[in-house]
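An overview of the molecular structure
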Amino acid sequence: MNPPHGAPKSATPAVASVILAFLGCVLPFLPIDLTTVRAFIALPLGLAGLATAAFGLMGNRRGKPVAAAGVILSALVTGLGVWMIVLHVDLVG
């Protein structure tokens, strides 16, 4: 069922961006055997978090402060992902 015209839409993209950013921060550092993919986990999650946060900030939606936090966290995770890939390439190659 669609919300009435003019009513704010849900905050789902904002919450999804924070969850993706959290996963991008936590998954690379879990003590499980991820030797071949550990350096490549954070970047896609950070980019997906940035995309969903940007979508959460557009239009008449609820949760814009959460989406702004998602942008900040996802940007940090994206930076972490780039840093981990640079270290991986430097150590391997």
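So, a few notes on the structure that sits alongside this text. (Residues numbered from 1 in each chain as written. Predicted model: local features only at pLDDT ≥ 70, side-chain atom pairs only at ≥ 80, totals over all residues. Heavy atoms only, no water.)

**A word on the packing of helix H1 (residues 12-26) against helix H2 (residues 42-57)**
When two helices pack together, their arrangement is given by the angle between their axes and by how far apart the axes lie. Here is the rule we go by: Between N-to-C directions, angles cover 0 to 180 degrees, with each direction set by a line fitted to C-alpha atoms, over the stretch in contact for helices. Helix and strand labels come from DSSP, where a helix needs a run of H or I of at least four residues and a strand needs a run of E of at least two; each type is numbered from the N terminus. The scheme is simple: roughly parallel for angles under 35 degrees, roughly antiparallel for over 145, roughly perpendicular for 65 to 115, oblique for anything else. Note on convention: near helix rotated counterclockwise from far helix by under a right angle means a left-handed crossing. Clockwise means right-handed. The contact definition used throughout considers only heavy atoms, calling two residues in contact when any of these lie within 4.5 Å. Note on residue classes: Ala, Val, Leu, Ile, Met, Phe, Trp, Tyr, Cys and Pro are nonpolar, Asp, Glu, Lys and Arg are charged, and everything else, Gly too, is polar.
With their axes 8 Å apart at the nearest point, H1 and H2 run at an angle of 165° to one another. By the angle between their axes, H1 is roughly antiparallel relative to H2. Seen from above, H1 lies across H2 with left-handed handedness. Across the interface between the two elements, Pro13, Ala14, Ala16, Ser17, Leu20, Leu23 and Gly24 of H1 pack against Ala42, Leu45, Ala48, Gly49, Thr52, Ala53, Phe55 and Gly56 of H2. Here the residues of the contact of H1 with H2 are counted per class, giving 10 nonpolar, 5 polar and no charged.

**Considerations on H1**
Stated precisely, the cut-off is as follows: A helix's residues, less one, multiplied by 1.5 Å, set its expected span. Each residue gets one of three labels from its accessible area relative to the maximum for its type: buried under 20%, exposed over 50%, partly exposed in between, using a 1.4 Å probe on protein chains only. In this context, the arc is that of the directions from the helix axis out to the C-beta atoms.
Look at H1: 21 Å from first C-alpha to last across 15 residues, which is about the 21 Å you get at 1.5 Å a residue. Buried within H1 we find Pro13, Ala14, Ser17, Leu20, Ala21 and Gly24. What you see down the axis of H1 is that its buried residues fit within an arc of 125°, all on one side. Opposite its buried face, H1 presents the exposed residues Thr12 and Phe22, each directed more than 90 degrees away. Those residues of H1 that are buried are in contact with H2 and helix H3 (64-92).

**What about the environment of Thr52?**
The cut-off we apply is this: Pairs of N or O atoms are called polar contacts if they sit within 3.5 Å, as long as, within protein, a hydrogen donor faces a hydrogen acceptor (for residues adjacent in sequence, only side-chain-to-side-chain pairs).
Along the polypeptide, Thr52 turns up in helix H2. For Thr52, a relative accessible area of 23% translates into the label partly exposed. Once the C-alpha coordinates of Thr52 and Phe40 are considered, the two residues, 12 residues apart in sequence, prove to be 20 Å apart. Setting aside residues no more than four positions away along its own chain, Thr52 makes contact with Pro13, Ala16, Ser17 and Leu20. Among the polar contacts listed, one links the side chain of Thr52 to the backbone oxygen of Gly49, at a separation of 3.1 Å.

**Some details on H2**
With 16 residues, H2 extends 22 Å from end C-alpha to end C-alpha; this agrees with the ideal 22 Å at 1.5 Å per step. All buried positions along H2 are accounted for by Ala42, Leu45, Gly46, Gly49, Ala53 and Gly56. For H2, the buried positions fall inside an angular range of 100° around the axis, keeping them on one side. Turning to H2, the residues buried within the fold contact H1 and H3. Phi turns positive, to about 75°, at Gly59, one or two residues after H2.

**Details of the packing of H2 against H3**
Orientation of H2 relative to H3, taken along the N-to-C sense of each, is 160°, at an axis distance of 7 Å. Classified by the angle their axes make, H2 and H3 are roughly antiparallel. Considering only the axes of H2 and H3, their crossing is left-handed.

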